[in-house]
Each structure stands twice: as C-alpha cells, then as structure tokens.
Amino acid sequence: MFILQLALIIIAAKIAGSLSVKFGQPSVLGEIIVGVLLGPSVFGLISATDTLSTFSTIGVILLMFIAGLETDLDEFKRSGKSSIIVAFGGIIVPLLLGYFAGVIMDLSNLQSWFLGVMLSATSVSISVQALKEMNQLKTPEGTTILGAAVIDDVVVMVILAFLMSFAGGGEVSLSTLVIKKVLFFIVAIVIAWKVVPWVMNKFTKLPVSESVISTALIICFVFSFAAEYTGVANIIGAYIAGIAIGLTKFKHEVFEKVETISYSIFVPVFFAYIGISAEFTGILENLGLIISLSILAVLTKFVGAGLGAKLSGFGWNRSMGIGSAMVSRGEVALIVAAMGLSANLITQDLFATVIVVVIVTTVVTPPMMKWFFQSKKQTKSVLNY
C-alpha cells in the first residue's frame, strides 16, 4: 500500500508543482497544497504514517545538503554580520509581541513567553527551494537567509531550554545544552575542514559502484544525526556537510547525483507531507484565534527580519525579500511546540491552533518571496533601462 501511496504523492506533487509555476508561483506551494488535498483533512487518500515521515525527513535533509553544496563560502563569510542582525531581528520582535499576545490571551507569564519562542522559530527549508527556483540561493540575500536560519535555530533552542528549566523540567540543564551545541559546531567545523576531504579521497577509491555519492550521503547522514543528538536541527548538520563536500573536487559529481535522487523522490514527499500531516480539526471553533496568530506570526518575522536586513545595508526590496523568507516556521516550530506540550507549557487546544498557524506561515512564504524578489528584478530592469 505504501508503494502505491508513494507513487500517488510523486505524480500529484509534480503536477501540482507545474501548475503552481504556470500561475507564477514557486512549485513548492503547489506541492504543499496538494498534500493537504491528499491528506486526512480533505480527501483522506493518504495518512501521515511513520514510514512517510521518515521519507519526508530524508527529503528535508537532502534539500539542505544540496543547499550546502551550492553555498559560496566566501560570500557566506561576508554575510556573517548581516545574518546575525537578521536572525536577532527575527527573534526579538516575534518573541516580545508573542509574549504580549499571550498576556492578552490570559496565558500565564511562562506560557506567554513560550508562545513568543514558538513565533521566533524559523525553518528555512521551504525558503531554500523557493530561492533555488528563483536563482537567488547564491546571492548575498540567499546566504544571509541561510546564515540567519542557523543562528535562529541555535538561539531559539537555548531560550526554550531556559524556559523549560523554569517549568520544572529538572532534566533540562541550560549550561549542558549550550555546551553541547557549542561543541557540535566546533567539532563539526574541524571535521568538515580536516576529516571530510580525507574521507572522500579514501572511500571514493573503493572498487564498488557509486562510491562517491555513497560516501557523500554517509557524511551527510552522520552530520545530521550528530546535530540532532546535540539539540541542533538535523538540517543544520546536513547543511554543514554540504558546505564541507562543496570544498572538495567531488562537489559537482555529488551535486548532480544527489539532486537527481532528491528531486525524483524524497523532496516532493517532504513538501507534500507538510500538507498531509496538517490537522484542521476544530478549526472553526478557534478560527478567530488562528487568524489573529497567523497574522501576528507572518508580520513579526517579516518586520523583524526585514528591519534587520535593512540595518545590515540591504535596500528595501531586498530587505523585504529576506524578511519574507524567514516567515516559514515549518518543522522547527513543530518541534518546539511538541516540546512545550510535553512540558505543560502549552495546552492541547493551543497546540492544535499553533499547528494550523505553522501551516499558514509555510504556505504564504513562497508567494511572498516570489513577490518581493520579482519586485527586486523589476527595479533592476528599470534602473538598467
């Protein structure tokens, strides 16, 4: 049955993606929407099983691995300051306004701060695909967005651990968590710099078929596991692995083969699974709250990250493009929400509402990016003319 579901997802995602492009939108938008249609919320043809979830996880890991392969490290270094300002702008504004929203909703002080933390999360996987389709991934904007997302993930998880320690999570040690994250980045960078090239050179000489791509995928999955184990999102580990292999002579071969594998099966499943896993039960009862939180979620990230980009020296169009790319909360916010639910920092009803809000931010991100990045191109055309 799973094989048939997989075939249905792939063909539906490809058709929906092509229709989305015809309407002037990134293909990822159509793939997410068709997932909603296929899932339990509409036609109920496919359910969110553990096997499908695993395929989806592999898809987002490979997507970020490809983004790492395409990253210009020199440009990434130059955009470091901009990434920091954008990240903190995109954290502070949602955090504070989310807290005040919680106070208005009569949540406790701790729950209000947790709502702010959830709104501060960012998932760049959706933005990466949109940037690729618009040929913006290797631009200063693209590298700034990727760098800001990495910083956002680390800072939000540290704030979350801090809150959970106040919530009575005795097993949560803030110092231990910070040390684990710092150690991960130090060790990952050293291994990426010194060990990865050696491993690629040695293992690719094995007298077996496709040794280059196999070795690259092993490195990608090990980095992803290490990141997740130390409390960093697995996509960050995959991204670092991609950057490391991108510095070797195997970059182009790995990129071509991984892209073929990823976009033929795993990436379409990932985007469709976002829609399939959406739960819209009880949406009418909480419609007002969902609309209010969705507007707050979109505007706080858009304004906070956008102002950060402007302060970094980007023009208004570029700043709004960067701000729109940071809007999607995706799987990172879902992880934060699940952790909060287990620590009694969020009620079951609010958790269900947040899930819908996350889906809304994910769906609106691609068309927002398309609009602002197209505006940037049009402005350039007028100036050139």
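Residues numbered from 1 in each chain as written. Predicted model: local features only at pLDDT ≥ 70, side-chain atom pairs only at ≥ 80, totals over all residues. Heavy atoms only, no water.

Draft legend 1. Spatial organisation of unusual backbone geometry. Positive phi, normally seen in glycine, also occurs at Asn135, with a value near 55°. Its place among the elements puts Asn135 in the loop between helix H7 (125-133) and helix H8 (140-166). Taking the relative accessible area as the measure of exposure, Asn135 reaches 65% and is therefore exposed. We note that Glu210 has phi near 55°; this positive angle belongs to a residue other than glycine. Here Glu210 shows up in the loop between helix H9 (174-203) and helix H10 (211-229). The class for Glu210 is partly exposed, based on a relative accessible area of 44%. (Helix = DSSP H or I, 4+ residues; strand = E, 2+ residues; numbered from the N terminus. Buried < 20%, exposed > 50% of the residue type's maximum accessible area, 1.4 Å probe, protein only.)

Draft legend 2. Local environment of the nonpolar core. Counting residues in hydrophobic clusters, the biggest one holds 72 residues, and the most contacted among them are Phe65, Met200, Ile245, Val254 and Phe271. The contacts of Met200, once residues within four sequence positions are left out, are Val212, Thr215, Ala216, Ile219, Ile245, Phe250 and Val254. Counting residues in each nonpolar core, the second largest holds 31 residues, with Ala101, Met157, Ala343 and Ile355 among its members. (Core = buried A, V, L, I, M, F, W, Y, C linked by side-chain atoms within 4.5 Å. Contact = heavy atoms within 4.5 Å.)

Draft legend 3. Spotlight on the side chain of Gln5. Mapped onto the secondary structure, Gln5 falls in helix H1 (residues 2-22). Leave out the neighbours within four places in its chain, and Gln5 touches Leu45, Ile46 and Ser47.

Draft legend 4. Region of interest: the pattern of salt bridges. Scanning all chains against the criterion turns up seven salt bridges. A salt bridge links Lys301 to Asp152; the shortest N-O distance between them is 2.7 Å. Residue Lys301 is located in helix H13 (residues 287-311), and its partner Asp152 is located in helix H8; the two are separated by 149 residues in the primary sequence. The exposure class of Asp152 is buried, given its relative accessible area of 0%. Across the pair Glu210 and Lys257 runs a salt bridge whose closest N-O atoms are separated by 2.8 Å. Of the two residues, Glu210 is situated in the loop between H9 and H10 and Lys257 in helix H12 (residues 251-276); the sequence distance between them amounts to 47 residues. Its relative accessible area of 30% is what places Lys257 among the partly exposed residues. Each of Glu70, Lys132 and Glu259 takes part in one network of salt bridges that share partners. (Salt bridge = Lys/Arg side-chain N within 4 Å of Asp/Glu carboxyl O.)

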